[in-house]
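Listed below are the residues making up each chain.
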Amino acid sequence: MLAGLCLPAQAAIVGSCTIVIGASGTMKANPAINIFGSRQAGGSSAGATITASSLLCTILNLLDCYSVSAPPPIAFSSAPSGGDTNVTFDTVFRLDGSGTDIPGSSPQRVINGTHTIQVDLTATKSPGIFPAGNYQGMVTVRCE
């Protein structure tokens, strides 16, 4: 349920931001079968480790050279026929063990060093219910 992407940062930042994928998350259905999510009973968050390193940020003693986000996908990466129809996706993430949910599309500044991220994905079908079958969703974690 998680993919990593490290994009070039602004020209003034010389360094790197590395994402190492950890545990894959698990999405489960709610009793009405109209929501799949990693926060449903039996589900689990996906995880990764992010290492931000910028010499320029260190030299200038800057605290927030990179931003991390985990925007929602626009569709399942695989689903049975009709599984993607009338579905909206939402993501939240938490950094460094914080219990505070950050909306997936809201970049969060990070300092140089290693950070953990936990990501939750929710898919909501409205109207209707999800057809039987196997589903897979992928969230791209960005560090830029």
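What counts and what doesn't
Residues numbered from 1 in each chain as written. Predicted model: local features only at pLDDT ≥ 70, side-chain atom pairs only at ≥ 80, totals over all residues. Heavy atoms only, no water. Helix = DSSP H or I, 4+ residues; strand = E, 2+ residues; numbered from the N terminus. Buried < 20%, exposed > 50% of the residue type's maximum accessible area, 1.4 Å probe, protein only. Areas by Shrake-Rupley, 256 points an atom, 1.4 Å probe, with all protein chains shown as cover. Disulfide = S-S within 2.5 Å. Salt bridge = Lys/Arg side-chain N within 4 Å of Asp/Glu carboxyl O. Polar contact = N/O pair within 3.5 Å; in protein donor to acceptor, adjacent residues only side chain to side chain. Contact = heavy atoms within 4.5 Å.

Chemist: Let's hear about the overall build of the protein: which residues, and what values?
Modeler: Per the secondary structure count, the protein includes 1 helix and 11 strands. Counting from the amino terminus, the protein carries its helices and strands in the arrangement β-β-β-β-β-α-β-β-β-β-β-β. Every one of the 144 residues in the protein was classed for burial, and the buried ones make up 35%. As presented, the protein carries roughly 7,400 Å² of accessible surface, and 56% of it is formed by carbon and sulfur atoms.

Chemist: Tell me about the state of the cysteines, and name the residues and values.
Modeler: Structurally, a disulfide amounts to a covalent bond that connects the sulfur atoms of two cysteines. Evaluated as defined, the whole model comprises 1 disulfide. With its sulfur 1.7 Å from that of its partner, Cys17 forms a disulfide with Cys143. The disulfide joining Cys17 to Cys143 has a torsion of about 90 degrees about its S-S bond and is therefore right-handed. Of this pair, Cys17 sits in strand S2 (residues 15–21) while Cys143 sits in strand S11 (residues 139–143), and the two are 126 residues apart along the sequence. According to the relative accessible area criterion, Cys17 is buried, its value standing at 3%. Overall, the relative accessible area of 0% leaves Cys143 in the buried class.

Chemist: An account of the pattern of salt bridges is requested, with residue identities and associated values reported.
Modeler: Summed over all chains, the structure comprises 4 salt bridges. Two residues, Arg39 and Asp120, come together in a salt bridge whose shortest N-O distance is 3.2 Å. Placement of Arg39 in the loop between strand S4 (35–37) and strand S5 (46–54) and of Asp120 in strand S10 (residues 113–125) is noted, with a sequence separation of 81 residues between them. Overall, the relative accessible area of 47% leaves Arg39 in the partly exposed class. A salt bridge links Asp120 to Arg94, with the nearest nitrogen and oxygen atoms 2.8 Å apart. Here the residue Asp120 occupies a position in strand S10, and Arg94 occupies one in strand S7 (residues 87–95), the gap between them amounting to 26 residues. On the basis of relative accessible area, Asp120 is assigned to the buried category, the value being 3%. By sharing partners, the salt bridges in this structure join Arg39, Arg94, Asp101 and Asp120 into a single network.

Chemist: Quick rundown of the side chain of Asn30? Include the residues and the values.
Modeler: With respect to the helices and strands, Asn30 occurs in the loop between strand S3 (28–29) and S4. A distance of 2.8 Å separates the side chain of Asn30 from the side chain of Asn34, its partner in a polar contact. With residues up to four places along the chain from it excluded, the contact list for Asn30 reads Ile35 and Gln40.

Scope: geometric values only; no functional claims are made or implied.
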